[in-house]
Amino acid sequence: NSFDGHDFIKNAIERGAIAIVCEKFPDEIFDNISYIRVKSSRIFLSKVCKNFYFDPSKKFKLIGVTGTCGKTSTCTFLYQIFKNLGYKTALISSIKNIIEEKVFDTELTTPDTIDLYNLFEKMVEKKVEYCFMEVSSHSIDQYRVFGLDFDIAIFTNLSQDHLDYHKDMLSYSFAKKKFFDDLKKEAIVL
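Residues numbered from 1 in each chain as written. Predicted model: local features only at pLDDT ≥ 70, side-chain atom pairs only at ≥ 80, totals over all residues. Heavy atoms only, no water.

Comments concerning the sheet that holds strand S7 (residues 130-134)
Strands belonging to one sheet form pairs held by backbone hydrogen bonds; the direction of such a pair is parallel or antiparallel. A sheet is described by the order of its strands in space; here seven strands give the open sequence S6-S5-S4-S7-S3-S8-S9, paired in mixed fashion. Each edge of the sheet is formed by a strand with only one pairing partner; in this case those strands are strand S6 (102-104) and strand S9 (188-189). Contacts from helix H3 (residues 71-84) reach strand S3 (61-66), strand S4 (89-92), strand S5 (97-99), S7 and strand S8 (150-155) within the one sheet, and its direction differs from that of S7 by about 170°. Contacting S3, S4, S5, S6 and S7, helix H4 (residues 113-125) crosses the sheet at an angle of about 170° to S4. (Pairing = 2+ DSSP bridges. Helix = DSSP H or I, 4+ residues; strand = E, 2+ residues; numbered from the N terminus. Contact = heavy atoms within 4.5 Å. Axes fitted to C-alpha atoms, helices over the stretch in contact; angles between N-to-C directions.)

Shown next, in the form of C-alpha cells:
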C-alpha cells in the first residue's frame, strides 16, 4: 500500500503539529502553522536527520553492499571478519542489526531514514569503527541512504527481482546505479 502524507496534514495539525513539510500546499491553510514547501520530502528528511545527528556516517567507516542477491551474506561475513580482528563493528542487514554485541530487530533490509539515524547515533556512542550495511534498491529510490558518507560500495550482482516495485529491469538497474553515482569521489567501489 502507498500513502500520500499530504492526506494527513489536517490530522497532524489536530494532533499538535506546528510546522508542516510538504511538496504541495494543502487546500486549507491555517494561520498559526508554518508550512515549508520542498521539492522532495524524502530528501528533506534525510538532510534534517543528517544535520540533527551531526552527520554520524562521517564518524566511522561505512561500507554499503547492494545487489539482488548476496547482500546479507557479504555484510555478515565482513562484519564477522572485522569483529574477529578486534575492530568495533556494526551490521545493518535484513536479518538483524548489530552494534558491537547488541542486537536490534529489523523489519526492512535498509531501515527507514529516522531508524537508520537512530542506529548511527548508537554507533557513534559505542565508538564503532566499521559499519557494514545492506543497501536495498528501495532505500536508494526512496532516498533513505541519501547523503550518507559511504567509504566503500560493493556491488554483488543484478538479476530479475523487485519488479513489482521498480516495474522493469531498466528502472531497477538505474536505482542500483544511483547508489554509485551519489558516492563521494574518494569512495572505493568493488
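Let us keep going from here.
Regarding the layout of surface pockets
Space inside the largest pocket adds up to approximately 470 Å³. Phe-3, Asp-4, Gly-5, His-6 and Ser-41 are, among the 17 residues lining the largest pocket, the residues nearest its centre. Of all the secondary structure elements, the ones that give two or more residues to the lining of the largest pocket are helix H1 (9-14), strand S1 (19-22) and helix H2 (41-52). Looking at the lining of the largest pocket element by element, the count peaks at four residues for S1. In terms of residue class, the lining of the largest pocket is made up of eight nonpolar, six polar and three charged. Volume-wise, the second largest pocket comes out at about 280 Å³. The wall of the second largest pocket is formed by Val-21, Ser-41, Arg-42, Phe-44, Leu-45, Leu-108, Asp-112, Thr-113, Ile-114, Gln-142 and Arg-144. Looking at the lining of the second largest pocket, the elements with two or more residues in it are H2 and H4. Ranked by the residues each element gives to the lining of the second largest pocket, the list is headed by H2, at four residues. Of the residues in the lining of the second largest pocket, the class split is five nonpolar, three polar and three charged. (1 Å grid on protein atoms, 1.4 Å probe; cavity = no way out; pocket = protein on both sides within 12 Å on 5 of 7 lines; lining within 4 Å. Points joined across faces, edges and corners; volume = space filled by probe spheres on them. Nonpolar A, V, L, I, M, F, W, Y, C, P; charged D, E, K, R; others polar.)

Overview of the pairing of S3
For S3, the buried fraction is high: five of the six residues fall into the buried class. Here S3 pairs with S7 via five bridges, running parallel. Bridged to Val-65 within S7 is Glu-134. With five bridges connecting them, S3 and S8 associate as parallel partners. Within S8, the position partnered with Val-65 by the bridge is Ile-154. (Buried < 20%, exposed > 50% of the residue type's maximum accessible area, 1.4 Å probe, protein only.)

Some words on the packing of aromatic side chains
Applying the stated criterion across every chain, the model contains 14 aromatic pairs. For the ring pair Tyr-130 and Phe-132, a centre distance of 6.4 Å and an interplane angle of 10° mean the geometry is stacked. The exposure classification of Tyr-130 matches that of Phe-132, with both residues buried. These aromatic residues form a ring-pair network of at least three members: Phe-52, Tyr-53, Phe-60, Tyr-117 and Phe-120. (Phe/Tyr/Trp six-rings, centres within 6.5 Å; stacked < 30°, edge-to-face > 60°.)

Looking at the nonpolar core
Ranked by internal contacts, the top residues of the largest apolar core, which has 25 residues, are Phe-120, Met-123, Cys-131, Met-133, Leu-148 and Phe-150. If you list the elements that add at least two residues to this core, you get S4, H4, S7 and S8. Among the elements that make up this core, the one with the highest residue count is H4 (five residues). Excluding anything up to four places from it in sequence, Met-123 contacts Phe-60, Ala-90, Ile-92, Ile-99, Val-128 and Cys-131. Ranked by size, the runner-up nonpolar core spans 10 residues in total, among them Ile-63, Cys-75, Ile-98 and Ile-154. (Core = buried A, V, L, I, M, F, W, Y, C linked by side-chain atoms within 4.5 Å.)

Here we look at the pattern of salt bridges
Following the criterion strictly, the structure yields eight salt bridges and no others. Ionic pairing is found between Asp-4 and Lys-24, a salt bridge with its closest N-O pair at 3.8 Å. Here the residue Asp-4 occupies a position in the segment before H1, and Lys-24 occupies one in the loop between S1 and strand S2 (34-37), the gap between them amounting to 20 residues. Where Asp-149 meets Lys-184, a salt bridge forms, and the shortest distance between an N and an O atom there is 3.2 Å. Placement of the pair is Asp-149 in the loop between helix H5 (137-141) and S8 and Lys-184 in the loop between helix H7 (169-181) and S9, with a sequence separation of 35 residues. The exposure class of Lys-184 is partly exposed, given its relative accessible area of 27%. Three or more residues joined by partner-sharing salt bridges are found here, namely Asp-149, Asp-151 and Lys-184. (Salt bridge = Lys/Arg side-chain N within 4 Å of Asp/Glu carboxyl O.)

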